[in-house]
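Geometric and topological summary
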Amino acid sequence: MTAENSRSLFVQGLINGLNQGAIYALIALGYTMVYGIIRMINFAHGDFIMIGAYTLFYTIPLMVNAGMPAWMAVIIAIVVCALVGVLVEILAYKPVRKAGSMSALITALAMSIFLENLAMVLFGAKPHNVQAIFSLPTVRIGTVALPLNVLLTIAIGLLIMLVMQFFVKKTNLGKAMRAVPQDKDASTLVGINVDKIITLTFAIGSGLAAVAALMYCATYPRVTNDMGSMMGMKAFIAAVLGGIGVIPGAMLGGILVGLIEIFEKLFAPGWYEAVTYGTLIVILLVKPSGILGKNVGEKV
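Since this is a predicted model, take the numbers as computed values, not measurements. By convention here, each chain's residues receive numbers from 1 onward along its written sequence. Restriction of local features to residues with pLDDT of at least 70 applies here, the model being predicted, together with a cutoff of 80 or more for giving and counting side-chain atom pairs; totals for whole chains, interfaces and linings are based on all residues. Only hydrogens and water are set aside when side-chain values are computed; all heavy atoms of the structure are taken into account.

**Observations regarding the overall build of the protein**
Convention followed: Comment: elements are numbered from the N terminus, with helices defined as DSSP H or I runs of at least four residues and strands as E runs of at least two. Only protein chains enter the accessibility calculation, which uses a 1.4 Å probe; a residue whose area is less than 20% of its type maximum is buried, one above 50% is exposed, and one in between is partly exposed. Any two residues whose heavy atoms approach within 4.5 Å at even a single point are treated as in contact. Computed with a 1.4 Å probe, the accessible areas rest on the Shrake-Rupley method; for each residue, only the protein chains presented here act as cover. Counting rule applied: Lys, Arg positive; Asp, Glu negative; His and chain ends not counted. Lys charges are placed at NZ, Arg charges at CZ, Asp charges at CG and Glu charges at CD.
If you tally the helices and strands in the protein, you get 11 helices and 4 strands. Referenced to the eigenvectors of the C-alpha coordinate spread, the extents of the protein come out at roughly 65 × 50 × 35 Å. Residue burial in the protein is summarised as follows: out of 300 residues, 49% are buried. In the protein, the share of contacts with a sequence separation of at least 24, taken over all contacts with a separation of at least 6, comes to 75%. Accessible area for the protein stands at about 14700 Å²; split by element, carbon and sulfur atoms hold 69% of it. Taking the average location of the 19 positive side-chain charges in the protein and that of its 12 negative ones, the two points are 8 Å from each other.

**Focus: the layout of surface pockets**
The line we're drawing: With a 1 Å grid laid over protein atoms only, a set of points is called a cavity when a 1.4 Å probe fits there but cannot get out and a pocket when it is open yet has protein on both sides within 12 Å along at least five of seven lines; lining residues have an atom within 4 Å of a point. Grid points are joined across faces, edges and corners, and a volume is the space filled by probe spheres set on the points. Throughout this entry, Asp, Glu, Lys and Arg are counted as charged residues, while Ala, Val, Leu, Ile, Met, Phe, Trp, Tyr, Cys and Pro are counted as nonpolar. The remaining residues, Gly among them, count as polar.
Within this model, the largest pocket holds a volume of roughly 1900 Å³. Listing elements by their share of the lining of the largest pocket, those giving two or more residues are α1 (3–38), α3 (73–93), α4 (101–123), α5 (148–170), α6 (172–182), α7 (184–189), α9 (227–242) and α10 (247–267). Looking at the lining of the largest pocket, its residues break down into 26 nonpolar, 12 polar and 12 charged. Considered as a void within the structure, the second largest pocket measures approximately 380 Å³ in volume. Taken together, 18 residues form the lining of the second largest pocket, with Gln20, Tyr216, Met227, Met230 and Met231 sitting closest to its centre. Among the elements of the structure, α1, α9, α10 and α11 (272–286) are those that each provide at least two residues to the lining of the second largest pocket. When residues in the lining of the second largest pocket are grouped by element, the largest group, 5 residues, is from α9. In the lining of the second largest pocket, the residues fall into 9 nonpolar, 3 polar and 6 charged.

**So, helix α8 (residues 194–219)**
Counted only if it meets this: Helix span, as expected, comes to 1.5 Å for every residue beyond the first. The term polar contact refers here to a pair of N or O atoms within 3.5 Å; inside protein, the definition further demands a hydrogen-donor-capable atom paired with an acceptor-capable atom, and it admits residues adjacent in sequence only when both atoms are side-chain atoms.
The first and last C-alpha atoms of α8 sit 38 Å apart over 26 residues, in line with the 38 Å expected at 1.5 Å per residue. For α8, the buried fraction is high: 21 of the 26 residues fall into the buried class. The distance from a side-chain oxygen at the start of α8 to the backbone nitrogen of Asp195 is 3.3 Å, and the residue carrying that oxygen is Asn193.

**Overview of helix α2 (residues 45–65)**
Rule in force here: For a residue, the bend is simply the angle between two axes, fitted respectively to the seven-residue segment ending there and the seven-residue segment starting there.
Taking 1.5 Å per residue, 21 residues should reach 30 Å; α2 reaches 31 Å between its end C-alpha atoms and fits that length. Remark: the principal bend of α2, roughly 35 degrees, maps to Thr59, with a proline, Pro61, within the next four residues. Judged by how many residues are buried, α2 sits mostly within the fold: 15 of 21 residues are covered. The first or second residue beyond α2 is Gly67, which carries a positive phi of 80 degrees.

**A closer look at the confidence of the model for the protein**
Put simply, the rule reads: By definition, pLDDT measures how confident the predictor is in each residue, and it falls between 0 and 100.
Here the protein averages 83 in pLDDT, and 95% of its residues register 70 or above. The least confident element of the protein is strand β3 (residues 144–147), whose mean pLDDT is 72; the most confident is α3, at 92.

**Quick look at the environment of Lys265**
As for its position among the elements, Lys265 is in helix α10. A C-alpha to C-alpha distance of 20 Å links Lys265 and Gly228, two positions 37 residues apart in sequence.

**Digging into a nonpolar patch on the surface**
What counts is decided by this rule: Here the term patch refers to residues with relative accessible area over 30% and no salt bridge, with like charges joined within 9 Å and nonpolar side chains (Val, Leu, Ile, Met, Phe, Trp, Tyr) within 5 Å. The salt bridge definition used is simple: a Lys or Arg side-chain nitrogen within 4 Å of an Asp or Glu carboxyl oxygen.
Among the surface-exposed residues, Ile281, Val282, Leu285 and Val286 lie close enough to one another that they form a single nonpolar patch of about 440 Å² accessible area. Assignment of secondary structure puts Val282 in helix α11. Classification of Val282 as partly exposed rests on a relative accessible area of 47%.

**Describing the side chain of Asp47**
Relative to the helices and strands, Asp47 resides in helix α2. Arg222 is the oppositely charged side chain nearest to the buried, salt-bridge-free Asp47, at an N-O distance of 14 Å. Ignoring any residue separated from it by four or fewer positions in sequence, one finds Asp47 in contact with Ser112, Leu115, Glu116, Gly228 and Ser229.

Structure, rendered in C-alpha cells:
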C-alpha cells in the first residue's frame with residue numbers, strides 16, 4: 001500500500017469514525033441525563049433507539065406522500081420515544097426507585113429484554129429497510145469521499161450537546177435537575193417536584209434516542225428488533241469513558257469509541273470489540289470517574 005493510499009484510508013476512517021462516534025454520543029447523552037439525575041443506569045435506553053427507528057420506518061413514507069421532508073418524521077419519533085420513556089419510568093422504574101440500585105439495575109435489564117421481544121412479536125425478526133431520509137450529495141476530495149450526511153450527523157451531535165449543556169446549567173428546570181441528585185429531601189423542601197423532574201429527564205433522554213435513531217438510519221437504513229442492545233452497550237461505554245453524568249463527557253466518549261471502532265475495523269479487523277472494551281478498562285484503571293468525570297466521595 002502506497003503512502004498516498006494509506007493517507008486516504010486514514011482520512012476516510014477518520015470521517016467514518018466521527019460519524020459513528022456522533023451517533024454513539026447522542027445515545028450516551030441519554031444515559032448521562034438519566035444517571036445524572038437519579039444515579040441509575042437505564043440499560044433499556046438503547047431499545048428506545050429501536051423504537052424510534054421503527055417509528056421512522058412507518059412514518060417516513062407518510063411524510064413523503066404528504067409532500068413533506070422525510071426527516072420531519074423525527075418529530076413523531078421524538079414524541080413516541082418520549083412517551084415510551086415516561087411510561088417505562090412510571091410503570092417499571094418508579095416502583096423500585098427506593099428498593100436499591102441492584103433492583104433498579106435488574107429492572108432495567110428486564111425492561112430491555114421485554115422491549116426487544118415485544119418488538120419481535122409486533123414487527124417480526126426480519127430486518128426492515130428504512131426509506132432514504134436525506135438526499136445530500138457526497139463530495140470527493142482527491143480519493144476521499146466526504147458524505148455530507150456525515151457532517152450533518154456531527155453537527156447535530158455538537159448542537160444537541162451545547163443545547164443540553166445550556167439547558168442544564170442556565171435554565172430553572174436544569175438547575176432543579178442538578179439539585180435533585182444532590183439532596184432529594186432538600187429539593188422537595190424548596191418546592192421542587194422530584195417526581196416531575198425525574199419524569200421530565202426520562203422524556204428528554206428518550207427523545208434524544210429518537211434523534212440518534214434518525215442519524216443512525218440515515219447512515220445504516222435498516223431496522224431490527226435487537227439493534228438497540230449493541231448500540232446501547234457501545235453508548236454506555238462511551239458515557240463511562242467520557243465521565244458518566246457529564247454532558248461533554250458523553251460527546252467525547254462517543255467520538256473516541258467511534259474512532260477506535262472504525263480504525264480497528266480498518267487496520268485490525270476482528271479485534272475492534274476487544275480493543276474497545278480494553279480501552280474502557282485502561283481508562284477506568286487510570287481514572288475511574290472517566291476522562292471528564294470528577295471523583296466524588298459517596299455519602300454514607
